[in-house]
Amino acid sequence: MSTAFYLLTSLGGYVLTSALLLKFPGLLHKKKQQKFRCRHISHRGGAGENLENTMAAFRHAVCLGTDMLELDCHLTKDEQVVVSHDGNLKRSTGVNVNIPDLNYCDLPPYLCQLDVTFEKDCCCNGGEDKCIPLLKDVFEEFPNIPINIDIKVNNNILVKKVSELVRENKREHLTVWGNADYDIVQKCHRENCDIPLLFCFQRVLLLVGLFYTGLLPFVPLREQFLEIPMPSIIMKLSMSIQWLLLLPIPRCLREHCT
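What counts and how
Residues numbered from 1 in each chain as written. Predicted model: local features only at pLDDT ≥ 70, side-chain atom pairs only at ≥ 80, totals over all residues. Heavy atoms only, no water. Helix = DSSP H or I, 4+ residues; strand = E, 2+ residues; numbered from the N terminus. Buried < 20%, exposed > 50% of the residue type's maximum accessible area, 1.4 Å probe, protein only. Areas by Shrake-Rupley, 256 points an atom, 1.4 Å probe, with all protein chains shown as cover. Expected span 1.5 Å × (residues − 1). Arc of directions from axis to C-beta. Contact = heavy atoms within 4.5 Å. Polar contact = N/O pair within 3.5 Å; in protein donor to acceptor, adjacent residues only side chain to side chain. UniProt positions renumbered as here; feature names shortened; annotations may be inferred.

**Here's the deal with the overall build of the protein**
In terms of regular secondary structure, the protein is built from ten helices and seven strands. Taken across its 258 residues, the protein has 40% of its residues classed as buried. For the protein, the exposed surface amounts to about 14,500 Å²; the carbon and sulfur share of it is 58%.

Printed below as a string of structure tokens:
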């Protein structure tokens, strides 16, 4: 009887403490400071409305009032950080070459029309701008716009170069970076801990697990941003991925991260 009493008392105390700290995380953790909160992110600069990851796409998204530009980075042979989703350019340019094998000046232009990868049977027609831009040019043209950088490959030089560009443009407070790969996120954090991190896929699963076991309030989190896909996009994915992405992430959990 006494053992059961102590177990129930301990469990009750744990549940109450967890609930209290989840409601008021500031009692245990210092609130992370950030300069922006984004509800609308233009994926690849708004790939459904312009050629993805082009300056024209970024300009259009900013004119529409987007909260953040999302883009992808690779490294050329001459170590220029370029904005492109694919490492191999066959899909986007029609030329079967890899970005790391070419100098920036030798990169082919985008095709006039690209498939929208997250919209079945949908294509986007571009205008005159078909150039693969440099990350530094994006920073210079949009100095006050938050930018989400996806480091596409596990490359130490790429991570270092992106960090240097962020520092040179004094935009640590307006940049967030990461990747779905945990190893890349680790390298980003080691290279520049002043740039906020995105939760990678592995850490999202951990985050949800911590919440539903009541352990979340007791675990410090270095990441600051979660990306939640739009429901209309989720419904176009496979059923297994739908169930995973639709797993509820309560508001109190999101606030614990920001």
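**Section: helix α5 (residues 156–168)**
The end-to-end C-alpha distance of α5, which contains 13 residues, comes to 18 Å, matching closely the 18 Å that a straight helix rising 1.5 Å per residue would cover. By the burial criterion, the buried members of α5 are Leu158, Val159, Val162, Ser163, Leu165 and Val166. One side of α5 carries all its buried residues, which in axial view fall inside an arc of 160°. Residues of α5 that are exposed and point more than 90 degrees away from the buried face comprise Asn156 and Glu168. Summarising the contacts, the buried residues of α5 are in contact with β2 (68–75), β3 (81–83), α4 (135–141), β6 (147–151), β7 (175–178) and α6 (182–191). Of the residues that open α5, the one with a side-chain oxygen 2.8 Å from the backbone nitrogen of Ile157 is Asn155. One or two residues past the end of α5 sits Lys170, with phi positive at roughly 50°.

**A few points about the UniProt feature "transmembrane region" (unreviewed entry) in the protein**
Residues annotated by UniProt as "transmembrane region" (unreviewed entry) correspond here to residues 6–28 and 195–216. Annotated as residues 195–216, this span is 55% helix and 0% strand, and its ends, taken at the C-alpha atoms, are 23 Å apart.

**Quick word on α6**
Looking only at α6, the buried set comprises Ile184, Val185 and Cys188. For α6, the angular spread of the buried residues around the axis is 100°, confining them to a single face. Close packing links the buried residues of α6 with β6, α5 and β7. Sitting at the head of α6, Asp181 places a side-chain oxygen 2.7 Å from the backbone nitrogen of Asp183.

**So, the environment of Ile147**
Among the secondary structure elements, Ile147 is positioned in strand β6. When residues no more than four places from it in sequence are discounted, the contact partners of Ile147 are Met68, Leu69, Leu71, Val138, Phe139, Arg171, Leu174, Thr175 and Val176.

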